[in-house]
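Given next are the chains, with one letter for each unit.
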Amino acid sequence: MTASSARASGPDGPRIVLSRADGVRPVVLLASIPLSALVGAAITLAVSSASGPPAASPTSSLAASPAAHVDAASGPVPLRAPDRASIPEGPLGEAIRRGEQLVTHTAEELPDHVGNDLHCTSCHLQGGTAAGAGPWVGVVGVFPEFRARNGRVNTLDRRINDCFERSMNGRSLDPESADMGAIVAYMTWLSRDVPTGREVEGRGFRRIAHPPTPDRAHGREVYVAQCAACHGEDGAGRRTPEGAYLFPALWGPRSFNLGAGMARLDTAAAFVRANMPLGQHDTLSEQEAYDVADYFIHGDRPDWERAAEDWPSGGRPPDARY
Ligand code: HEC
Ligand code: HEC
């Protein structure tokens with residue numbers, strides 16, 4: 001292990017420092033700041049990565065998830081989260097705030113519906129407002145939408161429940177429940193300034209246009225050097241000394257299952273390229289993003305029991321896992 005690679009723990013427990021050890025690219029080193037500072041570091045990094053959507057590289061495109069019914073000629077609109085002052089008073093405002101709490105503390109708030117330790121916002125970063133990280137701004141106006149994966153037209157709550165069942169390795173919410181109402185209320189508030197039927201710039205994940213052939217052995221090296229400091233050498237993530245959420249798992253029994261979009265190579269590489277390492281997005285090359293994604297998606301993870309039901313009328317993507 002070189003000076004620029006990361007160790008998962010030191011004599012006094014996990015430590016972290018940000019440095020430019022290779023003179024070119026910032027790397028995360030575990031060194032001289034105690035674990036309590038990790039929380040602060042994560043928050044600072046999350047805030048620093050909120051400074052705006054990253055510029056598209058020549059080989060990336062902003063094309064995102066399938067949205068065939070959206071009028072492409074009218075083009076995407078800028079992604080802007082609404083001002084918090086626009087959350088109304090009264091029961092609707094309470095539902096919006098409750099929805100925000102549910103999506104940002106999902107495992108803690110909805111233990112009967114979540115089979116891992118993730119939050120919705122582990123992937124839909126910054127409360128679902130980050131370009132290239134599956135933003136929910138505008139999502140209310142583009143559903144219902146046909147999806148090849150289940151071969152039918154999906155309402156927004158069906159799409160949300162897909163992420164409960166796969167990304168959260170859990171169980172659907174009753175579409176009639178107050179909790180589903182709160183999540184939809186939050187997304188509706190986020191979408192308030194986006195015209196119905198229009199997509200925002202940076203919807204979905206910023207797909208890499210010409211996928212390179214991944215090198216999993218090199219991906220392991222990238223993982224150890226650039227990811228393990230936060231997500232753990234064993235991929236299980238990290239918690240605070242009090243046991244609270246800090247860094248989410250990338251594989252293992254507390255991660256997303258095989259049916260999740262993030263288990264697919266193209267999706268995982270796109271997410272990583274645009275968003276990770278947290279606070280240093282767009283520093284990995286496309287090749288490195290593919291290498292490291294190929295490494296972590298193939299870690300052991302929960303199975304997807306209803307695999308046989310997916311893509312009933314074709315359209316299975318080449319990187320599907322089953
Ligand atoms: C492990 C990562 C992960 C987690 C956790 C996760 N999702 Fe997703 N979500 C995805 C991926 C991947 C997609 C598909 C994006 C694409 O098609 O490009 C997606 C898509 C969506 C969409 C559709 C977005 C669009 O533009 O069409 C919604 C809505 C959504 N998720 C809601 C949620 C909710 C609510 C939760 C928590 C219950 C959640 N997600 C948890 C990865 C995740
Ligand atoms: C500085 C800490 C840090 C580093 C380094 C880092 N991540 Fe993350 N990562 C996070 C945090 C924090 C989240 C969740 C964001 C949230 O909850 O707001 C996350 C989320 C993720 C997710 C989606 C959630 C999940 O658990 O599946 C993936 C995938 C991911 N990171 C992959 C990587 C990869 C690959 C690398 C290395 C190239 C990396 N990360 C480096 C902190 C980090």
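Please read all numbers here as calculations on a predicted model, not as lab measurements.

Asker: Teacher, can you tell me more about the overall build of the protein chain here?
Answerer: Helix and strand counts for the protein chain stand at 10 helices and 6 strands. Here the protein chain, with 322 residues, has 41% of them falling under the buried criterion. Across the protein chain, the fraction of contacts at a sequence separation of at least 24, relative to all contacts at a separation of at least 6, is 69%.

Asker: So what exactly am I meant to see when it comes to the site of ligand 2 here?
Answerer: In the vicinity of ligand 2, 30 residues are found, and the nearest of them are Cys227, Cys230, Pro248, Met276 and Pro277. Sorting the residues of the shell around ligand 2 by element identifies helix H1 (35-48), helix H8 (228-231), helix H9 (265-275) and helix H10 (286-297) as the ones contributing at least two each. Here the residues of the shell around ligand 2 sort into 24 nonpolar, 6 polar and no charged.

Asker: Would you take a moment to explain the environment of Val153 for this structure?
Answerer: The topology assignment puts Val153 in strand S4 (residues 152-154). In this structure Val153 comes out as exposed when scored by C-beta crowding, with 12 C-beta atoms within 10 Å. Excluding anything up to four places from it in sequence, Val153 contacts Pro144, Glu145 and Phe146.

Asker: What is the right way to read the environment of Asp117 from this model?
Answerer: Structurally, Asp117 can be placed in the loop between helix H3 (106-109) and helix H4 (125-128). Assessed through the 21 C-beta atoms surrounding it within 10 Å, Asp117 is described here as buried. If sequence neighbours within four positions are ignored, Asp117 has contacts with Ala107, Gly237, Tyr245, Pro248, Ala249 and Arg254.

Asker: How should I be thinking about the nonpolar core in this particular structure?
Answerer: Across soluble globular proteins, nonpolar side chains have a tendency to be buried as a group. One finds Ile183, Tyr186, Phe271, Val272, Val292 and Ala293 to be the most contacted residues of the largest nonpolar core, which totals 67 residues. Ranked by residues supplied to this core, first place goes to helix H6 (residues 178-190) with 9 residues. Two domains each donate at least three residues to this core, and these are domain 1 (17-59 + 206-309) and domain 2 (72-190). Leaving out residues up to four positions away in the same chain, Ala293 has contacts with Leu265, Ala268, Ala269 and Val272.

Asker: Just to check I follow, could you spell out the packing of helix H7 (residues 216-226) against H10 for this structure?
Answerer: The interhelical angle for the contact between H7 and H10, taken along N-to-C directions, is 95 degrees, at an axis separation of 7 Å. Relative to H10, the element H7 lies roughly perpendicular. The segment H7 lies against H10, with Arg216, His218, Gly219, Arg220, Val222 and Tyr223 engaging Glu288, Asp291, Val292, Asp294, Tyr295 and Phe296. Counted by class, the contact of H7 with H10 contains 5 nonpolar, 2 polar and 5 charged residues.

Asker: What should I look at first to understand the packing of helix H2 (residues 90-104) against H6 in this one?
Answerer: Any two packed helices are characterised by the angle at which their axes cross and by the distance between the axes. At their nearest, the axes of H2 and H6 sit 7 Å apart, and the two run at 100 degrees to each other. The pairing of H2 with H6 is recorded here as roughly perpendicular in orientation. Packed against H2, whose contacting residues are Leu92, Ala95, Ile96, Arg98, Gly99, Glu100, Leu102 and Val103, the element H6 presents Asp179, Gly181, Ala182, Ile183, Ala185, Tyr186 and Trp189 at the interface. Grouping the constituent residues of the contact of H2 with H6 by class yields 10 nonpolar, 2 polar and 3 charged.

Asker: Whenever I open this one, unusual backbone geometry confuses me. Can you help?
Answerer: Peptide bonds are mostly trans, and most non-glycine residues show a negative phi. For the bond from Phe143 to Pro144, the omega torsion is 0 degrees, close enough to zero to count as cis. Residue placement: Pro144 occurs in the loop between H4 and strand S3 (145-147). Cis geometry marks the peptide bond from Met276 to Pro277, where omega comes out at -10 degrees. A positive phi is found at Asn169, a non-glycine position, where the angle reads about 45 degrees. Looking at Asn169, the number of C-beta atoms within 10 Å reads 24, which means it is buried.

Asker: Please clarify how H9 should be interpreted in this entry.
Answerer: The α-helix winds at 3.6 residues per turn, so residues separated by three or four positions along the chain end up facing the same way. A large share of H9 lies buried, amounting to 9 of its 11 residues. Taken together, the buried positions of H9 are Thr267, Ala268, Ala269, Ala270, Phe271, Val272, Arg273, Ala274 and Asn275. Contacts from the buried residues of H9 go to H4 and H10.

Asker: Explanation requested: helix H5 (residues 156-165) in the structure shown.
Answerer: Along H5, the residues classified as buried are Leu156, Ile160, Asn161, Cys163 and Phe164. Projected down its long axis, H5 shows its buried positions confined to an angular sector of 155 degrees, all on one face. In this structure, the buried residues of H5 make contact with H6.

Asker: Sorry if this is basic, but what is going on with the environment of Phe256 here?
Answerer: Along the chain, Phe256 falls in the loop between strand S6 (245-247) and H9. In this structure the C-alpha to C-alpha distance between Phe256 and Asp117, which are 139 residues apart in sequence, comes to 9.2 Å. Excluding residues that lie within four positions of it along the chain, Phe256 makes contacts with Asn116, Leu118, Arg166, Ser167, Asn169, Met262, Ala263 and Arg301.

Asker: I tried to follow the confidence of the model for the protein chain on my own but got confused; where do I start?
Answerer: A low pLDDT score tells you not to read the predicted coordinates there in detail. In this model, the protein chain carries a mean pLDDT of 83, and residues with pLDDT of at least 70 account for 77%. Confidence drops under a pLDDT of 50 for residues 1-37, and excluding neighbours within four residues, the segment shows 63 contacts in the predicted structure. Scored below 50 in pLDDT, residues 43-68 makes 45 contacts in the model with residues more than four places away or belonging to other chains.

Parameters and conventions
Residues numbered from 1 in each chain as written. Chains lettered and ligands numbered in written order. Predicted model: local features only at pLDDT ≥ 70, side-chain atom pairs only at ≥ 80, totals over all residues. Helix = DSSP H or I, 4+ residues; strand = E, 2+ residues; numbered from the N terminus. Buried ≥ 20, exposed ≤ 12 C-beta atoms within 10 Å, placed from the backbone. Contact = placed C-beta atoms within 7 Å. Near = placed C-beta within 6 Å. Nonpolar A, V, L, I, M, F, W, Y, C, P; charged D, E, K, R; others polar. Core = buried A, V, L, I, M, F, W, Y, C linked by C-beta atoms within 7 Å. Domains from an automatic or database assignment. Axes fitted to C-alpha atoms, helices over the stretch in contact; angles between N-to-C directions. Parallel < 35°, antiparallel > 145°, perpendicular 65-115°, else oblique. Arc of directions from axis to C-beta. pLDDT = per-residue confidence, 0-100.

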